[in-house]
Amino acid sequence: MISLVVILVVSVQLWPAGGSHDVADHDAFGTGVRSLEVDLSVDLSRMVREVDERFLSVAIDASLVAEEKFMYMLGSPKLRTLAKALSPSYLRFGGTRQDFMVFNPEKYLMRSHGYDQQKPGLSAGPEDSCKKMELPTLLEARLRKQWIQQQALLRKEDLQMKYRRRVMFTEYSVDLLTSFANCTDMDLIFGLNALLRTSDNIWNSSNARSLIKYCESQQYRISWELGNEPNSYEKKAGIRVAGSQLGEDFVNLREILQDSKLYHNTGLYGPDISQPRDHRKDLLQGFLTTGSQAINACTWHHYYVNGREATLGDFISPQVLDSLGLKISEVLESVHLVSPGMRSWLGESSSAYGGGAEGLSDAFAAGFMWLDKLGLAAKMGLDVVIRQVLIGSGTYHLVDDNLDPLPDYWLSLLYKRLVGPEVLMVERLLLAGLQDPRQKVRVYLHCANRNRGYSKGAVTLMAMNLAARPSRLTLPALLSPSTVEAFVLQSDQPNEAGLYSRSVMLNEKLLQMLDDQTLPELKGNILPPADHLSLPGFSLAFFVFTEAAAAACQ
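Residues numbered from 1 in each chain as written. Predicted model: local features only at pLDDT ≥ 70, side-chain atom pairs only at ≥ 80, totals over all residues. Heavy atoms only, no water.

Looking at the environment of Ser292
Point 1. Along the polypeptide, Ser292 turns up in the loop between helix H10 (281–291) and strand S11 (297–306).
Point 2. On the basis of relative accessibility, which here comes to 10%, the residue Ser292 falls in the buried class.
Point 3. Once the C-alpha coordinates of Ser292 and Val251 are considered, the two residues, 41 residues apart in sequence, prove to be 8.6 Å apart.
Point 4. Residue contacts for Ser292: discarding those within four places in its chain leaves Phe287, Ser339 and Met342. (Helix = DSSP H or I, 4+ residues; strand = E, 2+ residues; numbered from the N terminus. Buried < 20%, exposed > 50% of the residue type's maximum accessible area, 1.4 Å probe, protein only. Contact = heavy atoms within 4.5 Å.)

Right under this line is the structure:
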């Protein structure tokens, strides 16, 4: 019977305002399956908080530079089209291999690999520069094929925790990376190697100085990080760095940047620790004690589960999703204790650590973790969430090996277009007699994105249904008089099997690019004012109340 529900409930339905309906009679549009009925309470009078306009940001994994020719994939017009649609955004370049990268200009010329391209002159206009750095179609296809093989090698390194001590990269990688950021309207954050250390275990800044000098000579707009997950240095490199020493290393980097005319006031973010664990909780506090004055925001990483052990049940478990809130509270408490007022970011985040959960982190099921993370992080006070990864090794990327969008890409694109930075209050209440202790229906509320043409006062409700059966949301009087634009994402396949799918439908229409440089129009279903709306089983939705007239969004 559950299978029948998911097949039939493929669109949003509103019940007319003022109508009286018995849930058992109308749930699942006559299938006889009872919907979960949920009351919503909202406060449109005040803003809870406001996040950065680049709240949803993305990363390019440093694994791409492990063999430098793969950096030329950043010249793909298709990849640039997909990335630009997610702007405004930070673009983080970092990850595990960041701490093995060594800038070695001109030593390994790309023309030796047959990918010679002329560098864009500083006098070239933005469009000319972007065109010059585009990757020819045949070379792109060749690189994509080779990248599949390269990922297998990188995965083996990750599993064995054995990394090359030196990953050399030249100025060509920097040129390609900055070109990609500029041509996609993203703000680049470059992760420096913190494992280049002296005999006294102090950061050796000489290589970073060389890179910064080159970037300044090219007038590249860049912000910076130093190190990736320092609480794992001992495990992956046999080096232990105390938090207080790491803070002093950041102060050193800030002084270097302040000596630069171009980077005098640039952003510096860190320490990019992994989520707090008992054995290294001291690292963050030690870092903030000595280094908080050097950074613009405190960054930390979060993944819900171990990718090698994760199950489908983990991806739709309310308890697993709720675990993020505990970690956020823990980090914010530590940060505010030492550095009151310091902004906090999720500087790297996805579903499962260890490169993702194969068959899940790139499937429709991953969307529940991703949308809930965006909603909860904004609600609890994080300013930015950087998604691991737009492109790079692992299985949690936003595009596949053919650079086609995966379900979480489409979810991210809708979020960017529909959700504004202002966070509002919404509470989920269960009606008497219908208990759901597992909280299978989850909701978040923001002002609508006015930069996409929505009027002042419009609000966007994000909703997800982790259960197979549909849910019926009862709207408060403040929202029921408004027309609604409904954007409902479901798998292209029915039932639980659909959660493994790498394709997604928007309002029953399969989402796919029209061509390599054209995204489809994302249209919502226009629904009349009503006091209820229906959320299909295993679905993710954005409901834009265009006439909500929210005072907080004026």
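More follows now that the structure is in view.
What to know about H10
Point 1. Residues of H10 that are buried: Leu283, Leu284, Gly286, Phe287, Leu288 and Gly291.
Point 2. Buried residues along H10 sit in contact with helix H9 (243–258), strand S10 (268–273), S11 and helix H12 (318–338).

Quick word on the confidence of the model for the chain
Detailed conclusions should not be drawn from predicted coordinates in areas where pLDDT is low.
Point 1. When the pLDDT values of the chain are averaged, the result is 90; 88% of them are 70 or greater.
Point 2. Predicted confidence is poor over residues 1–31, with pLDDT under 50, and the contacts of this stretch with residues over four places away or in other chains come to 74 contacts.
Point 3. Low pLDDT (under 50) marks residues 107–118, which in the prediction has 27 contacts with non-local residues, meaning those over four places away or in another chain. (pLDDT = per-residue confidence, 0-100.)

Some remarks on the sheet that holds strand S12 (residues 344–353)
Whenever strands of a sheet pair, they do so through backbone hydrogen bonds, lying parallel or antiparallel.
Point 1. Around the barrel, which closes on itself, the eight strands sit in the order S4-S5-S8-S9-S10-S11-S12-S13 with parallel pairing between neighbours. Sheet twist, expressed as the average angle between the axes of neighbouring strands with direction ignored, equals 30°.
Point 2. Sheet analysis places strand S4 (residues 56–61) next to strand S13 (residues 384–391), joined by four bridges and oriented parallel. Note that in S13 the partner of Val58 across the bridge is Arg387.
Point 3. Across the sheet, H10 is in contact with S10 and S11; its angle to S10 comes to roughly 160°. (Pairing = 2+ DSSP bridges. Axes fitted to C-alpha atoms, helices over the stretch in contact; angles between N-to-C directions.)

Concerning the side chain of Asn231
Point 1. Within the secondary structure, Asn231 is located in the loop between strand S9 (223–226) and helix H8 (233–237).
Point 2. For Asn231, a relative accessible area of 17% gives the class buried.
Point 3. Within polar-contact distance, the side chain of Asn231 engages the side chain of Ser274 at 2.7 Å. (Polar contact = N/O pair within 3.5 Å; in protein donor to acceptor, adjacent residues only side chain to side chain.)

Focus: the packing of helix H3 (residues 77–84) against helix H6 (residues 171–183)
Point 1. Across the interface, H3 lies against H6 with an axial gap of 9 Å and an inter-helix angle of 50°. The orientation of H3 relative to H6 falls into the category oblique. Seen from H3, the contacting residues are Leu79, Arg80, Ala83 and Lys84; seen from H6, they are Ser179, Phe180 and Cys183.
Point 2. Looking at the contact of H3 with H6, its residues break down into four nonpolar, one polar and two charged. (Parallel < 35°, antiparallel > 145°, perpendicular 65-115°, else oblique. Nonpolar A, V, L, I, M, F, W, Y, C, P; charged D, E, K, R; others polar.)

Some details on the side chain of Lys440
Point 1. By the element assignment, Lys440 lies in the loop between strand S14 (419–430) and strand S15 (441–448).
Point 2. Only 3.4 Å separates the side chain of Lys440 from the backbone oxygen of Ile316, close enough to count as a polar contact.
Point 3. If sequence neighbours within four positions are ignored, Lys440 has contacts with Ile316, Pro318, Arg428, Met464, Asn465, Leu466 and Ala467.

Points about the nonpolar core
Point 1. With 139 residues, the main nonpolar core has Phe93, Phe190, Trp224 and Phe542 as its most contacted residues.
Point 2. Take this core: its biggest share by element is nine residues, from helix H13 (residues 366–380).
Point 3. Core analysis: the next-biggest nonpolar cluster, separate from the first, contains 30 residues, Val38, Leu473, Val488 and Ala550 among them. (Core = buried A, V, L, I, M, F, W, Y, C linked by side-chain atoms within 4.5 Å.)

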